[in-house]
Structures are given as structure tokens and as C-alpha cells.
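Here is how the chains run, residue by residue.
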Amino acid sequence: MTSSEKPAILFVDDEPNILSGIRGMLHPMRKKWKARYALGGEEGLELLDGHAFDVVVADMRMPGMSGVDFLLEVEERQPGAVRII
């Protein structure tokens, strides 16, 4: 990331209301960050294939793929990304 680029952050959760709440709370930061939101691990992996992220934040308990499993995959695909559960 260069100084002129906005940090790219991916938020992953299986609850649409949680993602909506995060989006609403972070709306004022839209000029400083480039945030993306994924409904579950599979959708998150699809976004990882098409975008580079500086930070990835995932819910711990998601059906099909836990947050730990998801972040292990993030580590493989984008090792430079900071991973938060």
C-alpha cells in the first residue's frame, strides 16, 4: 500500500444484521478506508480472489467454515494481510 492508497479491509460474518451494523458504524470512515463485506466464509474467499486486503476481520462462529479456518485460508492467499477474529 502506498501513502496515497486507502487501506482495504474485509469484514466477514454470517449474520446480515451484524454486517449491516458494521457498515453503518464505519460509514464515516469511507473516505479513509476501502471496506468490503462478505456474508460468510465462501463469499469472503471469492472476494479474496479478486481483491487485495490489508486487514481481514472474521466472525469466529460461522456455519460451514469457522473464522479460524477462514483466516488460515486468508494466510495462504494473502499472507501480508493482518487477520483479526
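Residues numbered from 1 in each chain as written. Predicted model: local features only at pLDDT ≥ 70, side-chain atom pairs only at ≥ 80, totals over all residues. Heavy atoms only, no water.

### Considering helix 3 (residues 67-77)
Logical step 1: Restricting attention to buried positions, one finds in helix 3 the residues G67, F70, L71 and V74. Each buried residue of helix 3 lies within a common arc of 95° when the element is viewed along its axis, so the set occupies one face.
Logical step 2: Where helix 3 is buried, its residues meet strand 1 (8-13), helix 2 (41-50), strand 3 (55-58) and strand 4 (82-84). (Buried < 20%, exposed > 50% of the residue type's maximum accessible area, 1.4 Å probe, protein only. Helix = DSSP H or I, 4+ residues; strand = E, 2+ residues; numbered from the N terminus. Arc of directions from axis to C-beta. Contact = heavy atoms within 4.5 Å.)

### Let's talk about the environment of D13
Logical step 1: For D13, the location among the structural elements is in strand 1.
Logical step 2: With residues near it in sequence (within four places) discarded, D13 still touches I18, L19, A38, L39, G40, D59 and M62.
Logical step 3: One polar contact links the side chain of D13 to the main-chain amide nitrogen of E15, over a distance of 2.8 Å. (Polar contact = N/O pair within 3.5 Å; in protein donor to acceptor, adjacent residues only side chain to side chain.)

### A word on the sheet that holds strand 2 (residues 34-39)
Backbone hydrogen bonds hold the strands of a sheet together, and the pairing may be parallel or antiparallel.
Logical step 1: Pairing is parallel in the open sheet, where four strands are placed in the order 2-1-3-4. Edge positions in the open sheet fall to strand 2 and strand 4, since each of these has one partner strand only. Here the strands of the sheet are splayed against their neighbours by 15° on average, with no regard to which way each runs.
Logical step 2: Here strand 1 runs beside strand 3; their pairing, made up of four bridges, is parallel. Paired with V12 across the two strands is A58, which belongs to strand 3.
Logical step 3: Of the strands in this sheet, strand 1 and strand 2 touch helix 1 (residues 16-26), which is tilted by about 170° from strand 2.
Logical step 4: Packing against the sheet, helix 3 makes contact with strand 1, strand 3 and strand 4, and its axis sits at approximately 165° to strand 3. (Pairing = 2+ DSSP bridges. Axes fitted to C-alpha atoms, helices over the stretch in contact; angles between N-to-C directions.)

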